[in-house]
Amino acid sequence: MKTAALILALLTFAPSALTVRADTLAEMAAAAGTDWIIGSWATEDGNVSISYTWKLDKHAVGVNFKLGDREAEGMIVLKPGTKDVVYGAADNQGSVTHGKWVAFHDNPTLFSTTTKADGTETKMAAEHIKTDADTMTVKLYAMGDDGKPDESKVREVTFKRKK
């Protein structure tokens, strides 16, 4: 009887023992070649800064953004059970942003929607382009009605890695 109980217990717990560990966000970023983005960045005049920092055993990236008096904090995470990399943030003016990271022109790009405190929404895409180890260009696109970046409405911002 004890043997039968032991076999039943092993069969019950066997599926959890065979569960394959999901890739961390860090492993996915390294495999995609996008981990270069981790670090602190600022425009030459220092008016805009952004930092990407590994958090939670490299399962998440903390994001800090500053533009003038606007400050935002967010997280980039891998949605469990998927390959979707999602983003959520809040700022000091009552806005909330959510979005999804995708490859656009083979570059890591955040497609996002920001809802301001008054309820108005802005949709945009932010394409991060590695120029060299210490320089990245972020192209900001308005989003078209089709949900795709409107390449006729783009603004470029150059960032240097802070050391």
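In case you missed it, the structure is sitting above this.
Residues numbered from 1 in each chain as written. Predicted model: local features only at pLDDT ≥ 70, side-chain atom pairs only at ≥ 80, totals over all residues. Heavy atoms only, no water.

A. Geometry of the packing of aromatic side chains. Scanning the entire structure with this criterion turns up four aromatic pairs. Between Trp36 and Trp41, the aromatic rings sit 6.2 Å apart at their centres with planes inclined by 90°, giving edge-to-face as the arrangement. Here Trp36 matches Trp41 in class, with each residue buried. Each ring, one from Tyr52 and one from Trp101, has its centre 6.4 Å from the other, and the planes form 75°; the classification is edge-to-face. Here the residue Tyr52 occupies a position in strand β2 (residues 48–55), and Trp101 occupies one in strand β6 (residues 96–104), the gap between them amounting to 49 residues. Side by side, Tyr52 and Trp101 carry an identical accessibility label, which is buried. Here the aromatic cluster, defined as three or more aromatic residues joined through ring pairs, consists of Phe104, Phe111 and Tyr141. (Phe/Tyr/Trp six-rings, centres within 6.5 Å; stacked < 30°, edge-to-face > 60°. Buried < 20%, exposed > 50% of the residue type's maximum accessible area, 1.4 Å probe, protein only. Helix = DSSP H or I, 4+ residues; strand = E, 2+ residues; numbered from the N terminus.)

B. A look at the sheet that holds strand β8 (residues 121–132). In space, the ten strands of this closed barrel follow the order β1-β2-β3-β4-β5-β6-β7-β8-β9-β10, with antiparallel pairing throughout. Adjacent strand axes in the sheet meet at a mean angle of 25° when their direction is disregarded. In this structure, β8 lies alongside strand β9 (residues 135–143), joined through eight bridges in antiparallel fashion. Bridge pairing links His128 to Val138 in β9. Here helix α2 (residues 25–32) sits on the sheet in contact with β2, β3 (60–67), β4 (70–78) and β5 (85–91), set at roughly 90° to β4. (Pairing = 2+ DSSP bridges. Axes fitted to C-alpha atoms, helices over the stretch in contact; angles between N-to-C directions. Contact = heavy atoms within 4.5 Å.)

C. Local environment of the environment of Lys163. Within the element layout of this structure, Lys163 appears in the segment after β10 (149–161). Separated by 124 residues in sequence, Lys163 and Gly39 have C-alpha atoms that sit 8.9 Å apart. Of the polar contacts made by the side chain of Lys163, one reaches the side chain of Asp134; its length is 3.1 Å. (Polar contact = N/O pair within 3.5 Å; in protein donor to acceptor, adjacent residues only side chain to side chain.)

D. Main features of the pattern of salt bridges. Taken as a whole and assessed by the stated rule, the structure comprises seven salt bridges. Two residues, Lys100 and Asp84, come together in a salt bridge whose shortest N-O distance is 3.3 Å. Linking Lys100 in strand β6 with Asp84 in the loop between β4 and β5, this pair joins segments that are 16 residues apart in sequence. The class of Asp84 is partly exposed, set by a relative accessible area of 25%. With a shortest N-O distance of 3.9 Å, Lys139 and Glu156 are connected by a salt bridge. Residue Lys139 is located in strand β9, and its partner Glu156 is located in strand β10; the two are separated by 17 residues in the primary sequence. Owing to a relative accessible area of 52%, Glu156 belongs among the exposed residues under this scheme. The structure contains a network of salt bridges with shared partners spanning Asp134, Arg161 and Lys163. (Salt bridge = Lys/Arg side-chain N within 4 Å of Asp/Glu carboxyl O.)

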